[in-house]
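# Inside the fold
Chain residues, written in single-letter form:
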Amino acid sequence: MYDYDLLVVGSANADLVIGVERRPGAGETVLGSDLAVHPGGKGGNQAVAAARLGARTALLARVGDDDYGRLLLDSQRAAGVDTVGVLVGGAPTGVALITVDPSGDNSIVVSPGANGRLAPGDVRAAASLFHASRVVSTQLEIPLETVVEVVRSLAPDSRFVLNPSPPRPLPQEVLAACDPLIVNEHEAKVILGDSLVGGRPEDWARVLLAKGPRSVVVTLGAEGALVASAAQGVVRVPSVKVAAVDTTGAGDAFTAALAWRLGTGESLAEAAAYAARVGAAAVTKAGAQESYPTAAEAEALEAGAL
Ligand code: ADP
């Protein structure tokens, strides 16, 4: 028996957002809207998304001993995430400085702060969390050597899910553990590099699979997703039609939902179909964590009630 359906190992950031008429050029100062502060970071987003759906979720992350760190811990706890694995101190809380212009285009500067100090030793010290978790999910907003240590720390029967964002080439040891590797179009292109052949997502999925992961999911925004494994081949997962308001954090919600449902025994295609409903629900509201649905809201969407 596992205590947790999902352990998320990853980043937690405070997103500091200012609306501007025009994003500033070099040497320029522009005046903007009031500051809005939102809890974010891919790890924090995934943990909140899973907990909101009802998954028993734990987060292994690092925040600073400061006000933003406390804000992030509060938002995780409010969503029902177990924060026993959230380490405090060592550097300021990670921050993303975001300016958004009226067309929705943004410019972002990230200070990883404490996320960059989440070390392999922190993973080893959290061995009991790994043994208690059915599925472990991570991303690349923490050091790659920490992700490698996550792979080495997995319990024998647990499942590893990776969204390589921001994307970079991955060691074979990490690729081979992914079940699945979850990428959007941009991430697929960076991971594949020169071996990208053919313009179709089905081709990317096949070539990605040949690089070693046990399975692959390619997310395609409003077009849905596709899943690929040696046993099942490549299968399209239809998108759910919604009026998109804000796609921020949709990929994190999708990944969290997929990881959780895989742990309940669903097939990759079934779990991805559920995740597509969750991702679609997330784009119908503004923000990232604020937009994540409960299980009832995700099911209502399936029935066309949203
Ligand atoms: P990322 O945020 O990582 O770029 P995507 O934009 O591909 O990821 O979104 C992840 C998933 O969320 C998609 O596979 C899809 O299921 C769902 N989704 C995203 N945008 C929309 C949309 N406009 N309409 C319906 N579903 C969407």
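In case you missed it, the structure is sitting above this.
The structure contained in this document is the topic of the report that follows. (Residues numbered from 1 in each chain as written. Predicted model: local features only at pLDDT ≥ 70, side-chain atom pairs only at ≥ 80, totals over all residues. Heavy atoms only, no water.)

What follows deals with the site of the ligand. Surrounding the ligand, one finds 17 residues, the nearest of these being Asn 184, Thr 219, Gly 221, Gly 224 and Gly 251. Contact distances for the ligand include 2.8 Å between an oxygen atom and a backbone N or O atom of Gly 224. Contact distances for the ligand include 3.1 Å between an oxygen atom and a backbone N or O atom of Gly 251. Protein chains shield 85% of the accessible area of the ligand, which is 550 Å² for the free molecule. Among the secondary structure elements, those contributing two or more residues to the shell around the ligand are helix 9 (250-263) and helix 10 (268-283). When residues of the shell around the ligand are assigned to their parent elements, the largest contribution, 4 residues, is made by helix 10. For the shell around the ligand, the per-class residue count stands at 11 nonpolar, 6 polar and no charged. (Near = heavy atom within 4 Å. Polar contact = N/O pair within 3.5 Å; in protein donor to acceptor, adjacent residues only side chain to side chain. Areas by Shrake-Rupley, 256 points an atom, 1.4 Å probe, with all protein chains shown as cover. Helix = DSSP H or I, 4+ residues; strand = E, 2+ residues; numbered from the N terminus. Nonpolar A, V, L, I, M, F, W, Y, C, P; charged D, E, K, R; others polar.)

So, on to the layout of surface pockets. Computed from the structure, the second largest pocket encloses a volume of approximately 190 Å³. What lines the second largest pocket is a set of 15 residues, among which Ile 18, Leu 97, Ile 98, Thr 99 and Ser 107 lie closest to the centre. Elements supplying a minimum of two residues to the lining of the second largest pocket: strand 2 (13-19), strand 6 (94-100) and strand 7 (106-111). When the residues that make up the lining of the second largest pocket are grouped by side-chain class, the tally is 11 nonpolar, 3 polar and 1 charged. (1 Å grid on protein atoms, 1.4 Å probe; cavity = no way out; pocket = protein on both sides within 12 Å on 5 of 7 lines; lining within 4 Å. Points joined across faces, edges and corners; volume = space filled by probe spheres on them.)

A separate point is the sheet that holds strand 1 (residues 4-9). Taken in spatial order, the 9 strands line up as 5-4-1-8-9-10-11-12-13 in an open sheet, and their pairing is mixed. Two strands in the sheet have a free side with no partner beyond their single neighbour: strand 5 (86-88) and strand 13 (233-237). With strand direction ignored, the average angle separating the axes of adjacent strands in the sheet is 20°. Those strands touched by helix 9 are strand 1, strand 8 (133-139), strand 9 (159-163), strand 10 (178-183), strand 11 (215-219) and strand 12 (225-229), and its axis lies near 160° from that of strand 10. (Pairing = 2+ DSSP bridges. Axes fitted to C-alpha atoms, helices over the stretch in contact; angles between N-to-C directions. Contact = heavy atoms within 4.5 Å.)

Here we take up the side chain of Ser 133. Secondary-structure assignment places Ser 133 in strand 8. From its side chain, Ser 133 meets the backbone oxygen of Leu 129 in a polar contact 2.7 Å long. Each residue touching Ser 133, except ones within four places of it in the same chain, is listed here: Tyr 2, Tyr 4, Leu 7 and Ser 158.

Membership of the largest hydrophobic core comes to 44 residues, with the highest contact counts inside it found for Phe 254 and Leu 258. Elements supplying a minimum of two residues to this core: strand 1, helix 1 (42-53), strand 4 (57-63), helix 2 (67-79), strand 12, helix 9 and helix 10. Those residues in contact with Leu 258, other than ones at most four positions away along the chain, are Pro 180, Ile 182, Val 217, Leu 268, Ala 271, Ala 272 and Ala 275. Counting residues in hydrophobic clusters, the runner-up holds 41 residues, among them Leu 175, Cys 178, Leu 208 and Leu 226. (Core = buried A, V, L, I, M, F, W, Y, C linked by side-chain atoms within 4.5 Å. Buried < 20%, exposed > 50% of the residue type's maximum accessible area, 1.4 Å probe, protein only.)

To continue, consider the sheet that holds strand 2. Overall, mixed pairing links the 4 strands, which are arranged 3-2-6-7 in an open sheet. Strands with a single pairing partner mark the edges of an open sheet, and in this sheet they are strand 3 (36-40) and strand 7. Adjacent strand axes in the sheet meet at a mean angle of 20°, parallel and antiparallel pairs treated alike. Judged from the 7 bridges that link them, strand 2 and strand 6 form a sheet pairing that is parallel. Among the inter-strand pairings, Asp 15 is bridged to a residue of strand 6, identified as Ala 96.

The next thing to look at is the side chain of Asp 5. In this fold, Asp 5 is placed in strand 1. Exposure remark for Asp 5: the relative accessible area of 13% places this residue in the buried category. A distance of 2.7 Å separates a polar side-chain atom of Asp 5 from the backbone nitrogen of Arg 56. With residues near it in sequence (within four places) discarded, Asp 5 still touches Ala 55, Arg 56, Arg 134, Val 135 and Trp 260.

Note that the residue after Ser 165, namely Pro 166, is joined by a cis bond; omega there is -5°. For Pro 166, the position within the fold is in the loop between strand 9 and helix 6 (172-177). Following Asp 179, the chain continues to Pro 180 via a peptide bond in cis, the omega torsion being 10°.

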